[in-house]
Amino acid sequence: GIQVEQSPPDLILQEGANSTLRCNFSDSVNNLQWFHQNPWGQLINLFYIPSGTKQNGRLSATTVATERYSLLYISSSQTTDSGVYFCAVESMIYNQGGKLIFGQGTELSVKP
Amino acid sequence: DTEVTQTPKHLVMGMTNKKSLKCEQHMGHRAMYWYKQKAKKPPELMFVYSYEKLSINESVPSRFSPECPNSSLLNLHLHALQPEDSALYLCASSQAQGTGNTIYFGEGSWLTVV
């Protein structure tokens, strides 16, 4: 099946710093989403981005589908950005539709 | 409104109990999902419902029994669980299954089996 790898696994930042999180995937995908999981467990949608570039405030994401990777940029980080960031992809295989396959996540800690 | 609501938020149950987790969405989505997440691990798919019919069962043990009574509701019935079933259970929904639509998650139900 499709493999999803995220890097780095852990990241500690000082408030105000910028960071880039990476997601590599092993096959063509129908869907790629970035999520932020808060300490209470909720998975918050950041981006639906199977290709191209999107920006939302201090966050932006770029997916290069032909090279099978996606990047999440966090600028001017804040303590509220702490948590786990997941990349998840949906296989293009018909009978696997809707099945999101998650990477292992990047655990981000932003220090004041 | 992109909201998936799950109840209860926390549940403690004994190994002989029968309980249910509930999920509701009012976005008109026709695909609904159950995921399971263990501590320090990513979520893993359990079940997918498409137009109220079970579409994917990821070889989940029968002590977990899903039910989709209508297009807005998804239940997960729990019976004779084991302590290793303790986890965060996440419900999600999307416009349709397998069409590359955004998938929205609820806040999850934290389950502890004692």
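A quick note: this is a predicted structure, and the numbers were derived from the prediction, not measured. (Residues numbered from 1 in each chain as written. Chains lettered and ligands numbered in written order. Predicted model: local features only at pLDDT ≥ 70, side-chain atom pairs only at ≥ 80, totals over all residues. Heavy atoms only, no water.)

Draft legend 1. Structural context of the overall build of chain A. Scanning chain A for helices and strands turns up zero helices and eleven strands. When the helices and strands of chain A are read in sequence order from the N terminus, they spell out β-β-β-β-β-β-β-β-β-β-β. The C-alpha radius of gyration computed for chain A amounts to 14 Å, which stays within 12% of the reference 13 Å derived for 112 residues, consistent with globular compactness. With the C-alpha coordinates aligned to their principal axes, the bounding extent of chain A is approximately 45 × 25 × 20 Å. Taking all 112 residues of chain A together, 48% fall into the buried category. A sequence separation of at least 24 residues applies to 55% of the contacts in chain A between residues at least 6 apart. Put simply, chain A shows about 5,300 Å² of open surface, and 49% of that area lies on carbon and sulfur atoms. A gap of 3 Å separates the mean positions of the 6 positive and 8 negative side-chain charges of chain A. (Helix = DSSP H or I, 4+ residues; strand = E, 2+ residues; numbered from the N terminus. Rg over C-alpha atoms; globule rule 2.2 N^0.38 Å. Buried < 20%, exposed > 50% of the residue type's maximum accessible area, 1.4 Å probe, protein only. Contact = heavy atoms within 4.5 Å. Areas by Shrake-Rupley, 256 points an atom, 1.4 Å probe, with all protein chains shown as cover. Lys, Arg positive; Asp, Glu negative; His and termini not counted. Charge placed at Lys NZ, Arg CZ, Asp CG, Glu CD.)

Draft legend 2. Layout of the interface of chain A and chain B. Contacts between the two partners involve 23 residues from chain A and, on the opposite side, 24 residues from chain B. Both sides together, the interface formed by chain A and chain B hides about 1,800 Å², and carbon and sulfur atoms give 51% of it. Residue A:E107 is joined to B:K40 by a salt bridge in which the shortest nitrogen-to-oxygen separation is 3.8 Å. Our count for the contact surface shared by chain A and chain B stands at seven residue pairs in polar contact (both at pLDDT 80 or more). In terms of residue class, the side of chain A that touches chain B is built from seven nonpolar, 13 polar and three charged. (Buried area = accessible area lost by both parts, 1.4 Å probe. Salt bridge = Lys/Arg side-chain N within 4 Å of Asp/Glu carboxyl O. Polar contact = N/O pair within 3.5 Å; in protein donor to acceptor, adjacent residues only side chain to side chain. Nonpolar A, V, L, I, M, F, W, Y, C, P; charged D, E, K, R; others polar.)

Draft legend 3. Highlighting the sheet that holds strand β1 (residues 4-7) of chain B. Residue and element names in this part refer to chain B. With antiparallel pairing, the four strands of this open sheet are ordered in space as β1-β3-β8-β7. Strands with a single pairing partner mark the edges of an open sheet, and in this sheet they are β1 and β7 (64-70). Strand-to-strand twist of the sheet, defined as the mean angle between neighbouring strand axes without regard to direction, takes the value 20°. Summarising the sheet, β7 and strand β8 (residues 73-79) pair through five bridges and their orientation is antiparallel. In the strand pairing of β8, E67 is matched with N75. (Pairing = 2+ DSSP bridges. Axes fitted to C-alpha atoms, helices over the stretch in contact; angles between N-to-C directions.)

Draft legend 4. The side chain of A:Q37, seen in detail. Turning to its location among the elements, A:Q37 is positioned in strand β4 (residues 29-37). Here the side chain of A:Q37 touches A:G41 through a polar contact of 2.7 Å, landing on its backbone oxygen.

Draft legend 5. Region of interest: the nonpolar core. Residue and element names in this part refer to chain B. By size, the foremost hydrophobic cluster in this structure holds 23 residues, and its most contacted members are W34, F64, L76 and L78. Mapped by element, the contributors of at least two residues to this core are β2 (10-13), β3 (18-25), β4 (31-37), β5 (44-50), β7, β8, β9 (87-94) and β11 (109-113). Look past the residues within four positions of L78 in its chain and what remains in contact with it is L11, M13, N17, K18, K19, L21, R63, F64 and L111. (Core = buried A, V, L, I, M, F, W, Y, C linked by side-chain atoms within 4.5 Å.)

Draft legend 6. Expanded view of the environment of B:H10. All names here are of chain B. Within the secondary structure, H10 is located in strand β2. Its relative accessible area of 61% is what places H10 among the exposed residues. C-alpha separation for the pair H10 and L88, spaced 78 residues apart in sequence, amounts to 9.1 Å.

Draft legend 7. Region of interest: the state of the cysteines. Residues and elements named next belong to chain A. Following the criterion strictly, the structure yields two disulfides over all chains and no others. The side chain of C23 participates in a disulfide bridge whose partner is C87; the two sulfur atoms lie 2.0 Å from each other. Every disulfide takes its handedness from the sign of the S-S torsion; for C23 and C87 that torsion is -55°, giving left-handed. With C23 in strand β3 (residues 19-25) and C87 in strand β9 (residues 83-91), this pair connects stretches of sequence that are 64 residues apart. (Disulfide = S-S within 2.5 Å.)

Don't take any of this as a statement about function, it's just geometry.
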